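Summary of the model geometry
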Amino acid sequence: MRRGYTPPRMQPKLKRSELDGLAEFHSLTPTKVEALLDLANARPSRAEGLRFLGLCLRIAGILSLAAGLVFFVAANWARIAVFGRFALVELVLVICAAVAFLKPPPSFAGRGSIFLAFIATGALLALFGQTYQTGADVYELFLTWALLGLPLAIAAQWSVASAAWVLVLNLALVLFCGWHPTGGMLWILFGGTRFQPAHLVMGAAWVNLALWFLFEFWSVQAVPDWVRRLLMSCAFGFGTWAGVMSIVEIGYNHDGPRNDSLTFVTLTLAMLATTIYTWRRKADIYPLAVVMGTFIILSLTWLGQLNGFHDEGMFLMLALWLIGASTAAGRVLTVLHRRWREEAA
Amino acid sequence: MSAVNREFIALLREKGVVPASGPEAPEVTADRPWFVSLLQGVAGWLAGIFLLVFLGMVLKPDSSVALFILGSMLLVAAWFMYHADRHGAFLDQLALAISIAGQLALAASVLKDHFSALGASVTALVLQILVLLVMPNKIARTLAALFATAAWVYTVRFLVRPGSIESIFFEERFANDAASGLWLLPVAWLLTWLPLLALAGWLILREPQWMASGLRQFARPMLTGVLLGLSIGTIVAEPFTMVILGTELWGRGIDWLAIFPLLSIALALFAAYGAFRVRSNGLLGFAVVAALLHLGRFYYLYGTTLLWKSVIMLCAGAALLLAGIALRNREADAGGST
């Protein structure tokens, strides 16, 4: 099996600050700085620029069309009958499928049309709920969209489609954990007194983390490093949320968080697993930065909870802790970044 | 010096860009990825606020003069810390927190007795420009450039349409006489963004020139800050647009004003192109996220119906797609003919 990835950030290219340093140290003239930038491949050529612009325009075009479709369904235009509305969205789906069949991915037409089909699936589900007033919670719409759209996200073989799928899934998780609808199919399983809200939030964190680990071990071109970073950010976004809930005792039932060792253990495990794996891979320091950010926020919340904000000493302590912790984190991350980049070279 | 640098220096020597003999350039120690800078910037800001609250509770500076002295002393202390640690990264965070606390105290001293929305905007702008010029630190300068952009947006907003500070976020009164002042919107938009677009464009095009001069220490953070500001700055400008359109106009029929949020997306895409030109993946990602945020704002805000928004997006999508395909075909033709 091919190992994960070599993120662009760890490639041995000189960064702008290093080039600035060279220009300053050698007192280079503008002509020589131009040569320096060209040799470092730090400035894209005209052809590269046009290629980037063309790609940007095409992606922006696809996203605009997708937004237009969603806006249209949301507008709930009364002049078109129910049948017509369904037919319109389904027609879009059929056209997208036909284009993808004729020009399959990885061609841009194939990718773009499957991405549009993914968006149209969500629009169709929303239209269904809007028309028949199914009584489903909003999270159920997004969760169903994520499940039904998964084959499309896979078929698109495109990082943009993968990222869109991750966003839809996480929106469903945020709505499920955050709105406490105490309804819907998942709340039958996870509601009541069996699980504390922080456990559910931590569960959402682990869903993202599991996906991150999966794509770390199983290299897929459609899930490049930036999509994995998105998964990592979502994972520890939920992790931080659960940790803060546990510390400030929000959302617990009358027993309080006294017996909530589950959140503490699973969050610590998530942080340790990520740190150990990243340390061994020596490829990208982003996961470490996210773990450190989570640690800083949680420790700050815990310190604030110790004595409240009643006296000035607490503010000084929080300021000093923030300064110390972020300095240490920044120092460790910078050194590791340089060292790993050196080793990758 | 790292192997990467050594290899590159050898190439530069071979090509005659740097002298064949002579000392090697020292390693850039303050170089850090964008997310580390983000983590440190946010932490520094928060620490600065905590520090200012602490100093306020202990010293109780109740006059403008006392606040001014406190703010100035903090800024001077921050400058010395940055200067003493300019080749390291140990005092950076402390200096950033002290600098933020100093800026807030100084702004409070100016505004304490003569508070106005325009005054607050101009004070913030002047302070940020001062920090950009004086503080010997890249993160401090970048943050200053970003906040100067936001302050500039507000300065133009309150110059064109004077109002109170309470009206920054929600002002609906202008909805009643929107027709008399509709011309203000494009004028203010151009006044706000054209100088920033010109500055970013100039900095990108003239990069070799300023890199070869002492300007590089200001120009690099300024370019980063302005690109960030162009990406997200229109969200800061949101109140201004609210002032012009007003919430009472939501859902009314289409008029030409509905295209303005799309201009925010265009600004973010310009920033994305700028980020590509300086090969910054962090800035590029930020600009793309900002463009998506603007799209979300377009859905919820602004004076037209969802149906018209849908038509606008479909037309814009088709136009963008066609332009992108035309560019690709042109590129393919050029590749085929060479």
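What you see is a predicted model; the values in this text were computed from it and never measured.

Moving on to the interface of chain A and chain B. Every contact between the two is made by 83 residues of chain A and, on the other side, 81 residues of chain B. Contact with chain B buries surface across chain A, with Leu39, Phe52 and Phe71 of chain A losing the most and accounting together for 9% of the total. Counting the contacts that link chain A with chain B gives four salt bridges. Note that Arg220 of chain B is salt-bridged to Asp20 of chain A, the shortest N-O span being 2.8 Å. Remark: the boundary between chain A and chain B carries seven residue pairs in polar contact (both at pLDDT 80 or more). Elements with a contribution of two residues or more to the side of chain A that touches chain B: helix H1 (16-25), helix H2 (30-39), helix H3 (46-75), helix H12 (286-307) and helix H13 (312-344) of chain A. Here the side of chain A that touches chain B takes 23 residues from H3 of chain A, the largest share from any one element. A breakdown of the residues in the side of chain A that touches chain B according to their chemical character gives 48 nonpolar, 16 polar and 19 charged.

The subject of this paragraph is the nonpolar core. Of all hydrophobic cores here, the largest spans 70 residues; its most connected members are Phe115, Trp165, Leu209 and Phe236 of chain A. A total of 13 residues in this core trace back to one element, the largest contributor, which is helix H7 (residues 159-178) of chain A. Those residues in contact with Trp165 of chain A, other than ones at most four positions away along the chain, are Phe118, Ala146, Gly149, Leu150, Ala153 and Leu211 of chain A. Core analysis: the next-biggest nonpolar cluster, separate from the first, contains 41 residues, Ile296, Leu300 and Ala329 of chain A together with Ala78 of chain B among them.

The next point concerns the confidence of the model for chain A. Looking at chain A, the pLDDT average stands at 85 and 88% of residues meet or exceed 70. Low pLDDT, under 50, characterises residues 1-12 of chain A; the predicted model gives this stretch 39 contacts beyond four residues in sequence or across chains.

This part is about unusual backbone geometry. Residue and element names in this part refer to chain A. Look at the link from Pro105 to Pro106: it is a cis peptide, with omega at 15°. Among the structural elements, Pro106 can be located in the loop between helix H4 (82-102) and helix H5 (108-132). Look at Lys282: it is not a glycine, yet its phi comes out positive at around 50°.

Residue and element names in this part refer to chain B. Using the criterion set out here, one finds eight cavities of 30 Å³ or more in the structure. Taken as a whole, the second largest cavity encloses approximately 60 Å³ of empty space. Considering the residues around the second largest cavity, the lining is formed by Trp45, Leu96, Ser99, Ile100, Gln103, Gln128, Val131, Ala140, Leu143, Ala144 and Phe147. Here the residues of the lining of the second largest cavity sort into eight nonpolar, three polar and no charged.

The subject of this paragraph is the packing of aromatic side chains. Aromatic ring pairs: the centre-centre distance and the angle between the two ring planes describe each pair. All names here are of chain A. The final tally for this structure, using the stated rule, is 23 aromatic pairs over all chains. On the numbers, 5.6 Å between centres and 80° between planes, the contact of Phe108 with Trp158 is edge-to-face. On the criterion of sequence distance, the pair formed by Phe108 in helix H5 and Trp158 in the loop between helix H6 (138-156) and H7 is long-range, its members being 50 residues apart. Grouping residues by exposure puts Phe108 and Trp158 together as buried.

About the cut-offs
- Residues numbered from 1 in each chain as written.
- Chains lettered and ligands numbered in written order.
- Predicted model: local features only at pLDDT ≥ 70, side-chain atom pairs only at ≥ 80, totals over all residues.
- Heavy atoms only, no water.
- Contact = heavy atoms within 4.5 Å.
- Buried area = accessible area lost by both parts, 1.4 Å probe.
- Salt bridge = Lys/Arg side-chain N within 4 Å of Asp/Glu carboxyl O.
- Polar contact = N/O pair within 3.5 Å; in protein donor to acceptor, adjacent residues only side chain to side chain.
- Helix = DSSP H or I, 4+ residues; strand = E, 2+ residues; numbered from the N terminus.
- Nonpolar A, V, L, I, M, F, W, Y, C, P; charged D, E, K, R; others polar.
- Core = buried A, V, L, I, M, F, W, Y, C linked by side-chain atoms within 4.5 Å.
- Buried < 20%, exposed > 50% of the residue type's maximum accessible area, 1.4 Å probe, protein only.
- pLDDT = per-residue confidence, 0-100.
- 1 Å grid on protein atoms, 1.4 Å probe; cavity = no way out; pocket = protein on both sides within 12 Å on 5 of 7 lines; lining within 4 Å.
- Points joined across faces, edges and corners; volume = space filled by probe spheres on them.
- Phe/Tyr/Trp six-rings, centres within 6.5 Å; stacked < 30°, edge-to-face > 60°.

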